[in-house]
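# Tertiary structure, described
Below are the chains, spelled out letter by letter.
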Amino acid sequence: MELWIAEIKSTSERPIQKLISPLIFNEESNCYIASEYEGTIVVKTSNSKVQKVFLSHYGVTTNEQRIPLTYDEQWDVWYDKGNELEERSPIGINQCGTFFFEAEDGDGYIIDRSSDVCITSSLLTEEEFQQMKDEIVNMLEDLLTANEGPATPMRLWRENVEAAQYALEQTKKLHEVLLELEDTPHEQLIREQQLVPSSKIKRFDAEFLINRKLFPFKDKFSIPVNVRSIDIPEHRMIRWGLERLIDYADRYLRQARNRKRDLCQRRDFLIYALSSEKDQRLGVWEQKRIKNSIKKDLVHVSEFLRIVCESERYWEEIVDIAKKCLNLHYLNVGEEELAQTHLFTFSPLYSEAYQYLDDLLNLKPLKQLSNTYAPLQKSPKLYEVWCLLSIIHSLIYECGFIPVQNPYTQIQRRLQRKRGLEGISFTFRRPVYRYENSYELQEMDLTLEVYYERPFLDTEKSYRPDFTFIFRDSFRTETAFLDAKYKPLPNREYWAEIVRNVSFEKYYEPLPKKPIASFLMHPNKLKDVSIHTWNAAINHRKQEELRHRLGSFDYKPSNKKGVVKWMNMLLHYHLGYNGVCMHCGAHFPAKCEYDVKQKKKKYFTCSNPKCEAFWVESFCFNRKGGNYAKKDAHEPSTATLFKYTKHSGMNYHKETPDEWDVFCPVCNKRAQDRFRNDV
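Note that the coordinates shown come from a computational prediction; the quantities given were computed from them, not determined experimentally. (Residues numbered from 1 in each chain as written. Predicted model: local features only at pLDDT ≥ 70, side-chain atom pairs only at ≥ 80, totals over all residues. Heavy atoms only, no water.)

## Looking at the pairing of strand β22 (residues 477–484)
For the record, the criterion: Only protein chains enter the accessibility calculation, which uses a 1.4 Å probe; a residue whose area is less than 20% of its type maximum is buried, one above 50% is exposed, and one in between is partly exposed. In this text, helices come from DSSP runs of H or I with a minimum length of four residues, and strands from runs of E with a minimum of two, each type numbered from the N-terminal end. By the convention used here, strands pair only if DSSP detects at least 2 bridges between them.
Among the eight residues of β22, six are classified as buried, and the element is accordingly described as predominantly covered. Direction of pairing for strand β21 (residues 467–472) relative to β22: antiparallel, over a ladder of six bridges. Along β22, the bridge assignment pairs Phe-469 with Ala-480. Taken together, β21 and the strand that follows it, β22, pair antiparallel across an intervening segment of four residues. Strand direction decides the pairing type here: β22 and strand β23 (residues 517–522), joined by five bridges, are parallel. Looking at the pairing, Ala-484 lines up with Met-521 of β23.

## Observations regarding the environment of Lys-296
We apply this condition: It only takes one pair of heavy atoms within 4.5 Å for two residues to be counted as in contact. Here a polar contact means two N or O atoms within 3.5 Å. Within protein one must be a hydrogen donor candidate and the other an acceptor candidate, and residues neighboring in sequence count only if both atoms are side-chain atoms.
Checked against the element boundaries, Lys-296 lands in helix α5 (residues 284–326). Residues Lys-296 and Glu-126, 170 residues apart in the sequence, show an inter-C-alpha distance of 35 Å. Apart from residues no more than four positions distant in its own chain, Lys-296 is found in contact with Pro-609, Lys-610, Cys-611 and Glu-612. Among the polar contacts listed, one links the side chain of Lys-296 to the backbone oxygen of Pro-609, at a separation of 2.9 Å.

## Comments concerning the pattern of salt bridges
Heads up, the rule is: Any Lys or Arg side-chain nitrogen located within 4 Å of an Asp or Glu carboxyl oxygen qualifies as a salt bridge.
Evaluation of the coordinates by the stated rule reveals 39 salt bridges. A salt bridge links Arg-66 to Glu-102, with the shortest nitrogen-to-oxygen separation between them at 2.8 Å. Taken as a pair, Arg-66 in the loop between β6 (52–56) and β7 (67–68) and Glu-102 in strand β10 (residues 95–104) lie far apart in primary sequence, 36 residues in all. Accessibility expressed as a relative area gives 12% for Glu-102, which makes it buried. The partner of Lys-542 in a salt bridge is Glu-509, with the nearest N and O atoms 3.6 Å apart. In this pair, Lys-542 sits in the loop between β23 and α11 (543–546) while Glu-509 sits in the loop between α10 (492–504) and β23, placing the two residues 33 residues apart along the sequence. Judged by relative accessible area, Glu-509 falls into the partly exposed class, the value being 34%.

Listed below in structure tokens is the structure:
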């Protein structure tokens, strides 16, 4: 059985277009390895008895669950053409996981089987793909307790440390009990066949008498004897519980190590930002605020890192102790799911071991979720679900939004009633703050509704963006769209085309009431770093209208700042809630000060003493009626600019090399251009 990568066009009468190359067997991994989007995987077989070929995997429990392949006479290969009704592409296009092929003869007997085939993600590293799967479970666990607010990631990790401390104490106690059992483990008598000298056989049965008559020259005969065995249900259950505990702790250990890596990088960056040379064109007051903001951020990151390292130590020790337990001689048995038994009830030591294990496995209400992943996963759908949970998680734990209903309960009910999450919605509230030109604070309540795959109609077609955001305050209602695109973005042209086709032509242009933003999120960065993806220039004649309404940002487990930055842009730039701090999400109005010489310029400092982030609301010099207006001057209403410190990573306007300057999203000019005549 040979495996090949082939180019496929599912809509064609002959889907297989050409064979690209044989699939290479990886000796180290003992399987074939391919990357999604390279092409579909097809099977060549030289066995003339083969009548059917199926794609199967280790999650299959019945033959009906296998995927039947179709034979192509032209290329002499078996291929999977996908399933349009199930929205499933041909295997290898956008599915990751492990599978194999089985060939059957005319009587339905399996006469050939391929080695395992492992399809890896082409847009995420193996570590990131695993992290994405882990985070789906971790975020669900976090959302289970998201009933109050505002909440913070720091609080979550403190709870994680408390849980890890308790789990470590229970694991140590379990280890002590299992060590006591090592001396006298419970055994049972089992019957097994053994070769025994005839002189030592005490009880004769008919089979023995016949064999002795037939083979008088033999000295030993196989007879059933009673032997002691430690392979009892309770030992298999203890082993099963310890394996699940290791799975559980490993997931938290990976989470802690990933977060530790990110925090270390952030800490090093802040230390560099604090020590690097400052922009001499800034005033002393501005430099002081920026430096203070960096220091506060550094203190926060350092404390956060300390907590995460503590969590890592606890989970690491839990894994080490659990593995020591598995090495005990009487646990060298198979596995069986933990359940209450007579021995667990009436034996003091076994009862104690059961209680500790049961307590550990029920430490979180979502026990064993980490083991529910399907062997084959549709990458785009997995990415969408991860994006949905990540958006909800960021809104609650980073942006200060408080859910009206518990998100986990909503998800659980939805899945009980339907097979998927399509159409689910979540409602959030939080106070927001605005400073008008009078510099008087306006405070109001903002309601945010988030929909997943909510359809809407224009005059001709029905569209269904992945995520719809509806903002409501006392005066108005605004909408924004976000679409997850799990696709390679090879160049500027492809990126511009997909933004135009999806963000503009689907979710902006047809609507009578325009959204404040229609953006895409994708896992990989554009290779062309010159493209400013936060302000797509699709139609230059409409750039005043389209400023920061179209664009995209990269979003994946190792880079999750995009959603918070996007929400910051919506609240500050599009909705005008300029006194809200999205750096920490605190429910405090920022302090607002203004420049005596330029009264339209506002300086904001977060009122949260642990944050004190600093940003400025300014305006483009190239506005009609301004002292430095050029020929392409635009309306004053489109001249507002927001500037954030570079270390915050919050600038959605295109940055300049200077610390405190940005390009205008309408005319693409910066402050220094006001003295130039050639722009």
